[in-house]
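# Structural overview for review
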Amino acid sequence: MTTTTTGGARPGATAPPGPAAKAKAKARHDGHGVRGSTRTFWLFAGPFLAGLLLFVYVPVGWSFYLSLFQAQNTVAPTKFVGLDNYADILTEGPFTDSLWTFTLFALIVVPLTYVLALALALLVHRISVARAFFRSVFFIPTACSYVVASMVWKLSIFNGVRFGLANTVLGWFGIEPIAWIGTVSPPWYWMVLVTLRLWLQLGFYMILFLAALQQIPKELYEAAWTDGARPGWQTFRHITLPQLRTTSVAVVLLMLIAAYQAFDEFYNLLPNTPYARPPLVYLYYTALGQGQDFGHGSAGALVLSALITMVTLLQGRIFGFGKADR
Amino acid sequence: MATSSTTHVRGRPRTVSERAGSVALYTVAVVVALLFLVPFYLLIRNSLATDADITGANWKFFPTVLHWENIPELFNDPAVPMARSMWNSLVVGVLGTAGQLLVCSLAGYALARVPYRHANKIFYAVLATLMIPSAVTFVPSFVLVSSLGWVSSLQGLIVPGLFSGFTAFLFRQYFLGFPKELEEAARIDGLGSWGTYWRIVVPNSTGFFSAIAVITFITNWNAFLWPLVIGQDQSSWTVQVALSTFTTAQTVNIHELFLAASVSILPLVLVFLFLQRYLVEGVAHTGIKG
């Protein structure tokens, strides 16, 4: 029931077999000997590895190749341009703008999601009556797709005219209707984007925190109370939070990756707007919109992959991600 | 688990301030729960309303009349390929999930249990693919799939998604912890690796398989970017692409759109209600999400 998951191998029972153990396993392996076990390996893993090669390694390699060429309206390269595609996207603006959009989005969404998901988990954890009901209510938005949620947000809640729910509620307090999506300044569309993602995601991370909270030994709290610590902020600060460290790191990493892959709600809420385009939306319009520029699109995709890999590795360094520390 | 984990010391009489705290706790819980339910309420309300009700100047929380005839209207409207796109989503969801489970669990088992000289190198090659976010590979994948002639086809929607490095990795981690004794007993009874896998390992792992299946199905059902990229003909739209096309471009009856959205989330709400145990377990075990 441990949440190792995103981390690397853990020591102990689940560790990969060392050389000695492996030799032993080989020796006693069902009488077919080494060759039989090689055949078994390929029988089991062959289809997966072939698929991985064809649908991951080949596309990434082909993409790198394409990124060095001009390839417009065709998936076959036409003219070798070296690193020009990279130079173009890094200097021309829309791509770097999209990186800033992503950065801003992540800076708003990640901390908010972290705090609110943890708060929800603590709430559900402390509730004893109807706990399953509340957990379900907070979790069930995960069933909705971004497409459906975008529709409700855009056409029903944050509709710019008076009949939107948000503007109706504001109207009760005598506040004028707000154009939530149509204008760049003030950038109210951030409110729409952020609340939508919070509604869809909080329940998922709440479940992760709940699982971790249930694993904290109760003796820790009892010991703290005997030592005079008061239930509340003190025990939360000195017991709960440190005990949640592994989960917190995993959650932040998952949230960062999820924010970075934002596409659905931007595409559905703000179609064809030049502002607030995160990287994937930019890539989509570059590679598959008018002009079908696969050269620039491939270059952008590779720069993005490199960035997310760097962030993942860096975060691993900083937080010791993947190391068992409990 | 239901009662014992409140932070009160049991047996201690509850003070007034504790009781006040618990009232506050439940008040917050109820208010937040209502907020979480509002979007669902709006979906259902707008599904059974007229356009005039939805866009009327005086916003009414409760519609005056429920228009159940909206439902046959939606499925008979030739402009909205609702039945077709639901069917596509179902096929992609079911076949994609079954295929991914089959391919990735076999690979995970081999990586965890079958001794092979180069297994470590291969494992690292699988891990390396986790570093590349799948959403970013849509440009090269589109290039590949279109050169295979698979654009707007079901195989184009399903096949590229089957080979998930992450799912294979999860299965490997799971099989590393699978009790060896069970497999050894099967060996002694004369079963080979293939027989052991299907007759001993899989039947004893239904919980894990169910959890991954539920999560994979939900991910497939809600997927948007790849179906949007690959579904260029209306005949290959999934329900997410169909809905998005109506909100972003065409003009369609608003109530029909909301009804279509409600219908599209119905299968997942059912999955949530009936398989929640597996789902919560799966999320808690793996922390994955598509």
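Residues numbered from 1 in each chain as written. Chains lettered and ligands numbered in written order. Predicted model: local features only at pLDDT ≥ 70, side-chain atom pairs only at ≥ 80, totals over all residues. Heavy atoms only, no water.

### Quick look at the overall build of chain A
When helices and strands are counted, chain A shows 14 helices and two strands. The buried share of chain A, taken over its 326 residues, is 52%. Of the roughly 15000 Å² that chain A leaves accessible, carbon and sulfur atoms contribute 66%. (Helix = DSSP H or I, 4+ residues; strand = E, 2+ residues; numbered from the N terminus. Buried < 20%, exposed > 50% of the residue type's maximum accessible area, 1.4 Å probe, protein only. Areas by Shrake-Rupley, 256 points an atom, 1.4 Å probe, with all protein chains shown as cover.)

### Points about the UniProt feature "transmembrane region" (unreviewed entry) in chain A
Residues and elements named next belong to chain A. Sites flagged by UniProt as "transmembrane region" (unreviewed entry) map to residues 41-60, 99-125, 132-153, 188-213, 244-263 and 294-314. Spanning residues 99-125, this segment combines 100% helix with 0% strand, and its end C-alpha atoms are found 37 Å apart. Note that residues 294-314 is 100% helix and 0% strand, and that its end C-alpha atoms are spaced 30 Å apart. (UniProt positions renumbered as here; feature names shortened; annotations may be inferred.)

### Overview of the interface of chain A and chain B
Contacts between chain A and chain B engage 108 residues on the former and 109 residues on the latter. Carbon and sulfur atoms make up 76% of the surface buried where chain A meets chain B, a total of about 9800 Å² over both sides. When the buried area of chain A at its contact with chain B is split by residue, F44, F48 and F55 of chain A rank highest and sum to 9% of it. Connecting chain A to chain B are zero salt bridges. Between the two partners, chain A and chain B, sit 11 residue pairs in polar contact (both at pLDDT 80 or more). Broken down by element, the residue count for the side of chain A that touches chain B peaks at 23 residues, all from helix α2 (residues 33-66) of chain A. Along the lines of polarity and charge, the residues of the side of chain A that touches chain B split into 67 nonpolar, 30 polar and 11 charged. (Contact = heavy atoms within 4.5 Å. Buried area = accessible area lost by both parts, 1.4 Å probe. Salt bridge = Lys/Arg side-chain N within 4 Å of Asp/Glu carboxyl O. Polar contact = N/O pair within 3.5 Å; in protein donor to acceptor, adjacent residues only side chain to side chain. Nonpolar A, V, L, I, M, F, W, Y, C, P; charged D, E, K, R; others polar.)

### Describing the nonpolar core
One finds F41, F48, F138 and Y284 of chain A together with F138 of chain B to be the most contacted residues of the largest nonpolar core, which totals 192 residues. Of the residues forming this core, the biggest block, 19 residues, is contributed by helix α8 (residues 189-213) of chain A. Non-local contacts of F138 of chain A, meaning those with residues more than four positions away in its chain, are made with L120, L123, V124, G203 and M206 of chain A together with A29, V32, A33 and F36 of chain B. (Core = buried A, V, L, I, M, F, W, Y, C linked by side-chain atoms within 4.5 Å.)

### Here's the deal with the packing of aromatic side chains
If you walk through the whole model with that rule in mind, you get 51 aromatic pairs over all chains. Ring plane angle 25 degrees and centroid distance 6.2 Å describe the contact between F55 of chain A and W150 of chain B, whose orientation is recorded as stacked. Placement of the pair is F55 of chain A in helix α2 and W150 of chain B in the loop between α6 (138-147) and α7 (154-158), with the two residues belonging to separate chains. This pair shows no difference in class: F55 of chain A is buried, exactly as W150 of chain B is. Through a chain of ring-to-ring contacts, the aromatic side chains of F44 of chain A together with Y109, F171, Y174, F175, W194, Y197, W198, F208 and F209 of chain B assemble into a single cluster. (Phe/Tyr/Trp six-rings, centres within 6.5 Å; stacked < 30°, edge-to-face > 60°.)

### Observations concerning the pattern of salt bridges
Residue and element names in this part refer to chain B. All chains considered together, the criterion is met by two salt bridges over all chains. In this structure, R113 engages E183 in a salt bridge whose closest nitrogen and oxygen atoms are separated by 2.9 Å. One end of the pair, R113, is in helix α4 (residues 82-113); the other, E183, is in helix α9 (residues 180-188), with 70 residues separating them in the sequence. Relative accessible area serves as the criterion here: at 15%, R113 is assigned to the buried category. We classify E183 as buried; its relative accessible area is 6%.

### Things to note about the environment of G177 of chain B
Residues and elements named next belong to chain B. Examined against the element boundaries, G177 turns out to sit in the loop between α8 (165-176) and α9. Residue classification places G177 among the partly exposed positions, given a relative accessible area of 48%. Measuring from C-alpha to C-alpha, the distance between G177 and A112 comes to 9.1 Å, with 65 residues separating the pair along the chain.

### Things to note about the UniProt feature "transmembrane region" (unreviewed entry) in chain B
The residues that UniProt annotates with the feature "transmembrane region" (unreviewed entry) are residues 20-44, 90-111, 123-145, 157-175 and 257-275 of chain B. Helix makes up 100% of residues 257-275 of chain B and strand 0%, with an end-to-end C-alpha separation of 28 Å.

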